[in-house]
Amino acid sequence: DAVNAHLQAKGDEQHHVAVILSNPEQSKHLETARMKILGEWIDFVNLRAESYAENSRIPTMKFGTPLEDAIRRDLTINALFYNINQGIVEDFTGKGMDDLQNQTIRTPLPPKKTFLDDPLRVLRAVRYRARFHFQYADGLLEAAREDDVRQALSDKISRERIGVEVDTLMKSWNPVQGVKDFCDMNIFEIVFAVPGECLIKRYGQRCSQSLELAWEVLEKLGEEYLTPEERHVFLYAALLLPLRNQTHMGPKKKVKEATYHIIRDSLKLRTRDAEAVVLLHNHAQKFKNLFAVLHTDAGVPDLSKSTRIGTGLLIRDLGHLWRACLVIAALLQDPVTCPIEKADIGKEPLYKESSVKEVIEVCKDVESSIVALGLREAWKLKPLLDGKTVMRLLGMDKGGPRLGVAMAAQMEWQLANPEKGAEECTKWLEEMFAQNS
């Protein structure tokens, strides 16, 4: 109320206060308040101290001193206080300022204790190291590898909380380092968990290599090559590319892709993200098959009507993600992206250094052919004749499979004849269906 009164007095926008309840079973021990002030979300929480009963991982919370509050935080660099009265930074752990200076990721208490208190801190340590390109303090990596820490991460932390940390990492400027750390800590398969009936056990290193190759390609293609949304989906698709052939029995006994399960169930991310990753995987080989006509050794692509139709329909299926799929398709040339099939995949291949250059050349060449075909925005192309017009032309009282066939045929005709208009399309459609009736 005091903050809103202050904002009102200044003429700034006021916001309600959201209370986030504690959930000890999921290692969320603190009740916090959150409020948006001047466009930024601010968390409010009392100084706390915590103690543990014997054989219990659920702490008893009480008001604490600044030191008690500082040592129960995830990292020393996150345990710094700003004294708004004196205008100074206070470092009650005695290590936070030095760790900032020395670029070190360190826990206030021994790392294993910090991680067991809240195993999500393992992921936070990884994310902050990747974000700032810091190094781990001695003993932190080893603590994260401990079996009881890994088990606690699997058992105690909700998939939603894991997903938030992973998604923040994947949107950062250095997700490759974070994924490598997941592998070094032997937690990749916990974080990106496949369904239980999938037989594969070790797949982190291959997925990490696939992401690293894709990241290098994307860096060289330039920041503007994909929009932030396209980049987000692309990175997940590249990371999980070696798992694209893995399936499991989903709800209602329908076969579902394991990659969908990872995005939607293991990370609890949006359904649209899971569907987009599956879309890219399912269409990548189709796109790669078109390379034979769109990217040739002689540098002379096939610009025939059949090429226009096949390419245009594929781009329409992919929508705005077609450029992301083009890169995914080009990545299929490297053995590191080969599908993982066996329970024990043995020695991991490393992606070839030459692959980065080859993938970029293919992407640029194929995109030039698509531009030459006038198909860059084929996914936005609207039918010359709408459904009602087609029904009238064909003497149909209502829609149905026949209308769907007619609309699909019309789109193929449009792709093959970009210079022609509605009148010519009408004549062609009437003649075609007259012959077939």
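My aim in this report is to walk through the structure given alongside it, one point at a time. All values reported here derive from a predicted model rather than from experimental measurement.

Conventions and cut-offs
Residue indices begin from 1 for each chain and proceed along its sequence in written order. Local features are withheld for residues below a pLDDT of 70 in this predicted model, meaning they are given only at 70 or higher, and side-chain atom pairs are given and counted only at 80 or more; totals for whole chains, interfaces and linings count all residues. Side-chain measures here rest on the full set of heavy atoms in the structure, leaving out hydrogens and waters. Pairs were defined over the aromatic rings of Phe, Tyr and Trp, the Trp ring being its six-membered one, requiring ring centres within 6.5 Å. Orientation was assigned from the angle between planes: stacked under 30 degrees, edge-to-face over 60, tilted for the rest. Note on geometry: a ring has a charge over it if NZ (lysine) or CZ (arginine) is within 6 Å of the ring centre and within 35 degrees of the ring normal. Put simply, a nonpolar core is a bunch of buried Ala, Val, Leu, Ile, Met, Phe, Trp, Tyr and Cys residues held in one set by side-chain atoms that sit within 4.5 Å of each other. Throughout, exposure labels follow a simple rule: accessible area from a 1.4 Å probe, protein chains only, divided by the maximum for the residue type, with under 20% read as buried, over 50% as exposed, and the rest as partly exposed. In this description a helix means any DSSP run of H or I spanning at least four residues, a strand means any run of E spanning at least two, and both kinds are numbered starting from the N terminus. Here a residue-residue contact requires only that any non-hydrogen atoms of the pair lie within 4.5 Å. Salt bridges are defined as contacts in which a side-chain nitrogen from Lys or Arg sits within 4 Å of a carboxyl oxygen from Asp or Glu.

Each aromatic ring pair is described using two quantities: the centre-to-centre distance and the angle formed by the ring planes. Applying the stated criterion across every chain, the model contains eight aromatic pairs. Measuring from centroid to centroid gives 5.4 Å for phenylalanine 132 and phenylalanine 134, while their planes differ by 35 degrees, and the two rings are tilted. Grouped by ring-pair contacts, the aromatic residues Phe182, Phe188, Phe192 and Tyr203 constitute a single cluster. Above the plane of the ring of tyrosine 260 lies lysine 256, whose end atom (NZ or CZ) is 4.1 Å from the centre. Over the aromatic face of tyrosine 225 sits the side chain of arginine 323, whose NZ or CZ is 4.1 Å from the ring centroid.

Counting residues in hydrophobic clusters, the biggest one holds 107 residues, and the most contacted among them are Phe234, Phe287 and Leu331. Counting residues per element, this core draws most heavily on helix α14 (residues 271-294), which supplies 10 residues. Once you skip the residues sitting within four places of it in the chain, phenylalanine 234 turns out to touch Ala214, Leu218, Leu226, Leu280, Ala324, Val327, Ile328 and Leu331. In this structure, Met396, Leu403, Ala406 and Phe433 belong to the second largest nonpolar core, which totals 13 residues.

Okay, the pattern of salt bridges next. Applying the stated criterion across every chain yields a total of 20 salt bridges. Notably, a salt bridge pairs arginine 34 with aspartate 43, separated by 2.8 Å at the nearest N-O pair. Take arginine 34: its relative accessible area is 32%, and that puts it in the partly exposed class. The class of aspartate 43 is partly exposed, set by a relative accessible area of 44%. Between lysine 380 and glutamate 377 there is a salt bridge, with its nearest N and O atoms 3.4 Å apart. Here the residues in one salt-bridge network are Asp74, Arg124, Arg127 and Glu165, joined through shared partners.

What follows is about the environment of valine 327. Mapped onto the elements of the fold, valine 327 is located in helix α16 (residues 322-331). As a C-alpha pair, valine 327 and alanine 284 span 43 residues in sequence and 8.6 Å in three-dimensional space. Residues in contact with valine 327, not counting those within four places in the same chain, are Val217, Leu221, Tyr225, Phe234, Val359 and Cys363.

The next point concerns the side chain of arginine 127. Along the chain, the position of arginine 127 falls in helix α5 (residues 120-132). Since its relative accessible area comes to 12%, arginine 127 is described here as buried. Not counting chain neighbours up to four residues away, the residues in contact with arginine 127 comprise Glu165, Thr168 and Leu169.

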